[in-house]
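These are the residues of each chain, in order.
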Amino acid sequence: METRRTTGKASSLRWQILRQALLRRPPPHIPEEDQSETSIKSISRKTTRGFNLIPCQLVEQNDAVAVEETNVSDDHPRPREARLCYTLPIEGAPTLFLTQRVEERADLSDFEICNRYNVDNTGLVCHWPSEEVLAYFCLSHADMFRSKRVIELGSGYGLAGLVTAAITGAVEVVISDGNPQVVDYIQRNIDANSGAFGATRVSSKTLHWDQEEISNISNAFDFIIASDCAF
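All figures in this text were calculated on a predicted structure; none of them were measured in a lab. (Residues numbered from 1 in each chain as written. Predicted model: local features only at pLDDT ≥ 70, side-chain atom pairs only at ≥ 80, totals over all residues. Heavy atoms only, no water.)

This part takes up helix H6 (residues 129–140). Residue pairs three or four apart in sequence face the same way in an α-helix, which turns once every 3.6 residues. For H6, built from 12 residues, the straight-helix expectation of 16 Å at 1.5 Å per residue is met to within 8% by its first-to-last C-alpha distance of 17 Å. Taken together, the buried positions of H6 are occupied by Pro-129, Glu-131, Glu-132, Leu-134, Ala-135, Cys-138 and Leu-139. Its buried side turned inward, H6 meets strand E4 (149–153), helix H7 (159–167) and strand E7 (223–226). (Helix = DSSP H or I, 4+ residues; strand = E, 2+ residues; numbered from the N terminus. Expected span 1.5 Å × (residues − 1). Buried < 20%, exposed > 50% of the residue type's maximum accessible area, 1.4 Å probe, protein only. Contact = heavy atoms within 4.5 Å.)

Given below as structure tokens:
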């Protein structure tokens, strides 16, 4: 009975987090103790910091601008974005630049696209710490990827795939996600770092896991890498 009460309260607080993200104001008729930051932060949710395995710093942040992609309605401006510089902890390694969102609220157009393509929007939420861990693993085991073909699934902004392409000497790296908005960011990040990949072929790909072509991945690549995809 105690476990059931705790689960119910946690569920209520998660809905409160979602409501605050959408409306950006305290919800009415919620008990005072449930409104406290302590209560909300006790619920599993995204983290704003990684593990600093690959040092990064903000180099540019811009306000919303008009959308250019065909996948998004012209009625919605491009969200606020930040450009981050990642310094790979290896002597002589290139620096990598990634563009990502910095919005603190959800946009209903994101959910419209999720419904249209039957995907989620977790890749847009933030740079997830698990992606940094995967990137550091690939960095630390570069020799295993040398002269291999690699695909990353559920890549988000693509840090692990970009690190693999820049450091390991892989023949090919494909950085994929099921959400076309996320894939747009991946391609922009590939373009921004094109000089860092040497002879490695790097591309983005919209890959939905229930498509028939997913069954051919094991025959086309030597390594499939992913982080938090079975959350």
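Take unusual backbone geometry next. With a phi close to 65°, Ser-147 is a non-glycine residue in the positive phi region. Locating Ser-147 in the fold gives a position in the loop between H6 and E4. According to the relative accessible area criterion, Ser-147 is exposed, its value standing at 53%. Phi at Asp-228 is positive, roughly 65°, even though this residue is not glycine. Relative to the elements of secondary structure, Asp-228 occurs in the segment after E7. Relative accessible area serves as the criterion here: at 48%, Asp-228 is assigned to the partly exposed category.

Taken in spatial order, the three strands of this open sheet run E1-E2-E3, and their pairing is antiparallel. Pairing within the sheet leaves two strands with one partner each, and these edge strands are strand E1 (56–62) and strand E3 (95–101). On average, adjacent strands in this sheet sit at an angle of 25° to one another, irrespective of strand direction. Pairing geometry for strand E2 (residues 81–87) and E3, over seven bridges, is antiparallel. (Pairing = 2+ DSSP bridges. Axes fitted to C-alpha atoms, helices over the stretch in contact; angles between N-to-C directions.)

Turning our attention to the side chain of Asn-193. Tracing the backbone through its elements, the reader meets Asn-193 in the loop between helix H8 (180–192) and strand E6 (201–206). Residue classification places Asn-193 among the buried residues on the basis of a relative accessible area of 3%. Reaching out from Asn-193, the side chain makes a polar contact with the backbone oxygen of Phe-97 at a distance of 2.7 Å. Apart from residues no more than four positions distant in its own chain, Asn-193 is found in contact with Thr-95, Leu-96, Phe-97 and Leu-162. (Polar contact = N/O pair within 3.5 Å; in protein donor to acceptor, adjacent residues only side chain to side chain.)

Moving on to the packing of H6 against H7. Following both chains from N to C, one finds H6 and H7 inclined at 15°, their axes separated by 8 Å at the closest point. When the axis of H6 is compared with that of H7, the two are roughly parallel. Judged by the twist between their axes, the crossing of H6 over H7 is right-handed. Where H6 abuts H7, its residues Glu-131, Glu-132, Leu-134, Ala-135, Cys-138 and Leu-139 lie against Leu-159, Ala-160, Gly-161, Val-163, Thr-164 and Ile-167. Per-class residue counts for the contact of H6 with H7 are eight nonpolar, two polar and two charged. (Parallel < 35°, antiparallel > 145°, perpendicular 65-115°, else oblique. Left-handed = near helix turned anticlockwise from the far one by under 90°. Nonpolar A, V, L, I, M, F, W, Y, C, P; charged D, E, K, R; others polar.)

Spatially, four strands are ordered E6-E5-E4-E7 in an open sheet, and the strand pairing comes out parallel. Strands at the two margins of the open sheet, each flanked by one partner only, are E6 and E7. In this sheet, adjacent strand axes meet at a mean angle of 20° when their direction is disregarded. In this structure, strand E5 (residues 172–177) lies alongside E6, joined through six bridges in parallel fashion. Within E6, the residue paired with Val-173 across the bridge is Val-202. Relative to E5, H7 is tilted by about 175°, and along the sheet it contacts E4, E5, E6 and E7.

In this structure, Leu-96, Val-163 and Phe-197 are the most contacted members of the largest nonpolar core, which totals 33 residues. Of all the elements in the fold, those that place two or more residues in this core are E2, E3, H6, H7, E5 and H8. Sort the elements by how many residues they give to this core and H7 lands first, with seven residues. With near-sequence residues (within four places) excluded, Phe-197 lies in contact with Leu-162, Ala-165, Ala-166, Ile-190 and Val-202. (Core = buried A, V, L, I, M, F, W, Y, C linked by side-chain atoms within 4.5 Å.)

Of note, Pro-129 is situated in helix H6. Judged by relative accessible area, which is 9%, Pro-129 ranks as buried.

Everything listed here is a matter of coordinates, which is why it stays silent on function.
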